[in-house]
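For reference, the chains in residue letters:
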Amino acid sequence: MEVYGLLASGYGDWPIIKQIAWLLGQVMNGIFNVLSKIGIENIGVCIIIFTIIIYTLMIPLTISKMSAVMQPEIKKIQKKYEGKKDQASMMKQQEEINLVYEKYGTSMTGGCLPMLIQMPILFALYPVIRDIPTYVKGVKDVYMPVNTNGFQKFMETIGEVSPVLMNPKAYDYSQADTIVNVLYKFQDSTWNTLMEKMPSITDLAQQTMDKVTHLNSFLGINIGEQPLTQLTTALHNGSVVGIILAVLIPVLAGLTQFISVKLQPQPAGDDKDNPMASSMKTMTY
């Protein structure tokens, strides 16, 4: 995850992806502002609505009706040449399959186009979710009061270790946005460390921590806390409910990801008759 995060921080500044991330950030900011006006300030709710909107807009790229129409004809050709491994038969089979693609005005590589279009959008989603204060002003404003003078050196020290993992060599800690992103990655234990090391801002830090907890509280779960941290704390406190919630997060994450993949269009035909269907089934699991 750390390596992936570092890669994400790199491609988040790439041309096109950076612009898409900015656009997606405006959507996220708009959702937060609308919810705030009706008294709902919750990052979890924002992410759910944001996800629904983005994936709804991407539906045309994930549904391939043309492929569903062509598959029966392609399967019929494959059945016709089943067991024939000589070069002449294989060339004839490929020729007939190509005629099917020409008939429907597409190509064998045409199915890759929707994926190529989706990729920069999916890459751009990561920095928006990872660095919400960068794109959502209402969340950024919660952290800004803590950004006091003489803060930089201490934040460089606390920021280069877990759970923040923002190396001062790669990030400019003289910038307020960097400090805010560091604070956004704080766990409860990190806030306690901050208040121990800088007692002069204890009251301000506690107020900010309370606001952040409110923003991150979703169905009784603090989504700002890492599941492992929640589990460790729950075990230490002997909280059965806390243990269940900590385990529930990765389980639900895996389950929803599996359902998402299963809902993707599948090639027609039985596995034994359609090698593509068999390959897709294997990739799903």
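See above for the structure.
Note that the coordinates shown come from a computational prediction; the quantities given were computed from them, not determined experimentally.

Chemist: Help me understand the packing of aromatic side chains, please; the structure alone is not making it clear to me.
Modeler: The geometry of an aromatic ring pair comes down to the distance between the two centres and the angle between the two planes. If you walk through the whole model with that rule in mind, you get 2 aromatic pairs. Ring centres of Y143 and Y184 lie 6.2 Å apart, and the angle between their planes is 80°; on these two criteria the pair is classed as edge-to-face. Of this pair, Y143 sits in helix α9 (residues 137–143) while Y184 sits in helix α11 (residues 176–184), and the two are 41 residues apart along the sequence. Residue Y143 shares its accessibility class with Y184, and that shared class is buried. Residues F186 and W191 carry aromatic rings whose centres are separated by 5.1 Å and whose planes lie at 75° to one another, so their mutual orientation is edge-to-face. Grouping residues by exposure puts F186 and W191 together as buried.

Chemist: When you look at the nonpolar core in this model, what are you seeing that I'm missing?
Modeler: It is characteristic of soluble globular proteins that their nonpolar side chains tend to be buried jointly. In terms of nonpolar packing, the biggest core is built from 45 residues, with Y143, M155, L183, F186, W191 and L194 touching the most fellow members. For this core, the element with the highest residue contribution is helix α2 (residues 17–37), accounting for 7 residues. What Y143 contacts, discounting residues up to four positions off in sequence, is P133, V180, L183, Y184, W191, T208 and V212. Membership of the second largest hydrophobic core comes to 7 residues, among which are M70, I74, I77 and I97.

Chemist: Sorry, what's going on with the pattern of salt bridges here?
Modeler: Pairing of side chains with opposite charge becomes possible as their charged atoms draw close. Overall, the coordinates contain 7 salt bridges when judged by the stated rule. With a closest N to O distance of 3.0 Å, D131 and K185 form a salt bridge. With D131 in the loop between α7 (112–130) and α8 (132–135) and K185 in the loop between α11 and α12 (188–197), this pair connects stretches of sequence that are 54 residues apart. D131 sits in the buried class, given a relative accessible area of 9%. Here the residues in one salt-bridge network are R130, D131 and K185, joined through shared partners.

Chemist: Looking at this structure, how should I read the side chain of T208?
Modeler: One can find T208 in helix α13 (residues 202–216). If we skip the residues at most four places from it in the chain, T208 touches V142, Y143, V146 and W191.

Chemist: Looking at this model, I keep getting lost on the packing of α12 against α13. Mind explaining?
Modeler: Each pair of packed helices can be summarised by the angle the axes make with each other and by the distance between the axes. Close contact between α12 and α13 brings their axes to 9 Å; oriented N to C, the two are set at 165°. Considering their axes alone, α12 and α13 lie roughly antiparallel with respect to each other. Between α12 and α13 lies a crossing whose hand is right-handed. Residue-level inspection shows D188, W191, L194 and M195 of α12 in contact with α13, the latter providing T202, A205, Q206, T208, M209 and V212. Classifying every residue of the contact of α12 with α13 by side-chain character gives 6 nonpolar, 3 polar and 1 charged.

Parameters and conventions
Residues numbered from 1 in each chain as written. Predicted model: local features only at pLDDT ≥ 70, side-chain atom pairs only at ≥ 80, totals over all residues. Heavy atoms only, no water. Phe/Tyr/Trp six-rings, centres within 6.5 Å; stacked < 30°, edge-to-face > 60°. Helix = DSSP H or I, 4+ residues; strand = E, 2+ residues; numbered from the N terminus. Buried < 20%, exposed > 50% of the residue type's maximum accessible area, 1.4 Å probe, protein only. Core = buried A, V, L, I, M, F, W, Y, C linked by side-chain atoms within 4.5 Å. Contact = heavy atoms within 4.5 Å. Salt bridge = Lys/Arg side-chain N within 4 Å of Asp/Glu carboxyl O. Axes fitted to C-alpha atoms, helices over the stretch in contact; angles between N-to-C directions. Parallel < 35°, antiparallel > 145°, perpendicular 65-115°, else oblique. Left-handed = near helix turned anticlockwise from the far one by under 90°. Nonpolar A, V, L, I, M, F, W, Y, C, P; charged D, E, K, R; others polar.

Geometry only, nothing functional implied.
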